[in-house]
Amino acid sequence: METPQKPTVLFLEDDADTRELVKFTLEAAGMKVISAETVSEAWNIALEIWRKPVFQEIDLFLLDGLVPHGDSLKLCADLRRIEPDKPIVFYSGLAYKADIMKGLEAGATAYLTKPYSGDLAEEILRYIYTATHIGSIAPLFVKKENAAENFTVDNAQISESPGRVDQAGNLEQFGRVSIDESSPARQSRRVRRTGGII
């Protein structure tokens, strides 16, 4: 019998103590945590996972709202364009309403403030479960047009072709995201589209 794969969380946090504590907490709850200290490191990890020949996924992105090197809001927006149905959660010490709104406007599913008073692992698992079993939990930030789109993120050419849904809104065909960094081999991966959201 095959062992179920652990949910994978990509966690961006510049503070080493917080990074280790959250990693320990989430791993104790049965998740796999890939940590990044900077925005560019998080982006490169995501690209590396997307390029692998065997289809792999990051189930949730957990982002610090304030990192010294890079813009986590831009990272959130870039991730949202490529992963329209994945949970992106800010876990940040920036707790003003304006900060929270910026995070949500960038495409975040949720914004949790540090220190989080509830059970962080339970909350993260809830977002993963909802996205996996119910469908997209970020419908306000998902491209709904049926047109293909090309854009550039950190010198990587991203080409997005939409999925196709039937008249009832059910998924008929997966969309695709292709990543081309001017290399001869073009890397592609399948992107799940759920609930008729394109």
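Fair warning: this is a prediction, and the values are worked out from it, not measured in the lab.

## Looking at the side chain of threonine 8
Position of threonine 8 relative to the elements: it lies in strand β1 (residues 8-12). For threonine 8, the contacting residues outside a window of four places in its chain are Lys32, Ile34, Glu57, Ile58, Asp59 and Leu60.

## Some remarks on the sheet that holds strand β4 (residues 88-92)
Reading across from one edge, β2-β1-β3-β4-β5 is the order of the five strands in this open sheet, with parallel pairing throughout. In the strand order of this sheet, the two ends are held by β2 (32-36) and β5 (110-113), each with one partner. Between one strand axis and the next, the sheet turns through 20° on average, direction left out of account. With three bridges connecting them, strand β3 (residues 60-63) and β4 associate as parallel partners. The partner of leucine 62 across the bridge, within β4, is valine 89. Against the sheet, helix α1 (residues 16-28) makes contact with β1, β2, β3 and β4, and its axis sits at roughly 165° relative to β2, the strand it touches most. Together, β4 and β5 form the strand contacts of helix α4 (residues 97-105), whose direction differs from that of β5 by roughly 145°.

## Points about the packing of aromatic side chains
Scanning the entire structure with this criterion turns up two aromatic pairs. Look at tryptophan 43 and tryptophan 50: their rings are 5.8 Å apart centre to centre, the planes differ by 80°, and that puts the pair in the edge-to-face class. Exposure class is identical for tryptophan 43 and tryptophan 50. Each is buried. The ring of tyrosine 127 is capped by arginine 126, whose NZ or CZ atom sits 4.7 Å from the centre of that ring.

## Describing the confidence of the model for the protein
Averaged over all residues, the pLDDT of the protein is 74; the fraction at 70 or higher stands at 63%. The low-confidence segment residues 183-198 (pLDDT under 50) makes 57 contacts with residues lying over four places distant or belonging to another chain.

## A short note on the nonpolar core
Formed by 25 residues in total, the largest nonpolar core has its most connected members in Leu12, Trp50, Phe61, Leu63, Leu75 and Leu79. Where this core is concerned, the elements lending two or more residues are β1, β2, α2 (39-51), β3, α3 (72-82) and β4. The element contributing the most residues to this core is α2, with eight residues. Not counting chain neighbours up to four residues away, the residues in contact with leucine 63 comprise Leu12, Ser72, Leu75, Cys76, Leu79, Ile88, Val89, Phe90 and Tyr91.

## Some details on the packing of α2 against α3
Packing of α2 against α3 brings their axes to within 10 Å, and their N-to-C directions diverge by 15°. What the angle tells us is that α2 and α3 run roughly parallel. Between α2 and α3 lies a crossing whose hand is right-handed. Where α2 abuts α3, its residues Val39, Ala42, Trp43, Ala46 and Trp50 lie against Ser72, Leu75, Asp78, Leu79 and Ile82. By residue class, the composition of the contact of α2 with α3 is eight nonpolar, one polar and one charged.

Quick notes on the rules
- Along each chain, numbering runs from 1 in the same order as the chain's sequence is written.
- Under the rules for a predicted model, residues below a pLDDT of 70 receive no local features and side-chain atom pairs below 80 are neither given nor counted, while totals for whole chains, interfaces and linings still include all residues.
- Side-chain numbers come from the whole structure's heavy atoms, not from hydrogens or water.
- Secondary structure follows DSSP: runs of H or I at least 4 residues long count as helices, runs of E at least 2 residues long count as strands, and numbering of each begins at the N terminus.
- Any two residues whose heavy atoms approach within 4.5 Å are treated as being in contact.
- Only strands joined by at least two bridges in the DSSP assignment are considered to pair.
- Inter-axis angles, ranging from 0 to 180 degrees, are taken between N-to-C directions of lines fitted to C-alpha atoms, where helices are fitted over the stretch in contact.
- Here a pair means two rings of Phe, Tyr or Trp (six-membered ring of Trp) with centres within 6.5 Å. Their orientation is stacked below 30 degrees between planes, edge-to-face above 60, and tilted elsewhere.
- Categorising residues by exposure relies on relative accessible area from a 1.4 Å probe, with only protein chains included: less than 20% of the type maximum marks a residue as buried, more than 50% marks it as exposed, and the intermediate range marks it as partly exposed.
- We count a charge as sitting over a ring when the NZ of a lysine or the CZ of an arginine lies within 6 Å of the ring centre and within 35 degrees of the ring normal.
- Each residue carries a pLDDT score, the predictor's confidence in it, ranging from 0 to 100.
- Working definition of a nonpolar core: buried Ala, Val, Leu, Ile, Met, Phe, Trp, Tyr and Cys residues. They are joined through side-chain atoms within 4.5 Å.
- To sort the angles, those under 35 degrees are grouped as roughly parallel, those over 145 as roughly antiparallel, those from 65 to 115 as roughly perpendicular, and the leftovers as oblique.
- Left-handed describes a crossing whose near helix is turned anticlockwise from the far helix through less than a right angle; right-handed describes the clockwise counterpart.
- Three residue categories are used. Nonpolar comprises Ala, Val, Leu, Ile, Met, Phe, Trp, Tyr, Cys and Pro, charged comprises Asp, Glu, Lys and Arg, and polar comprises the others, including Gly.

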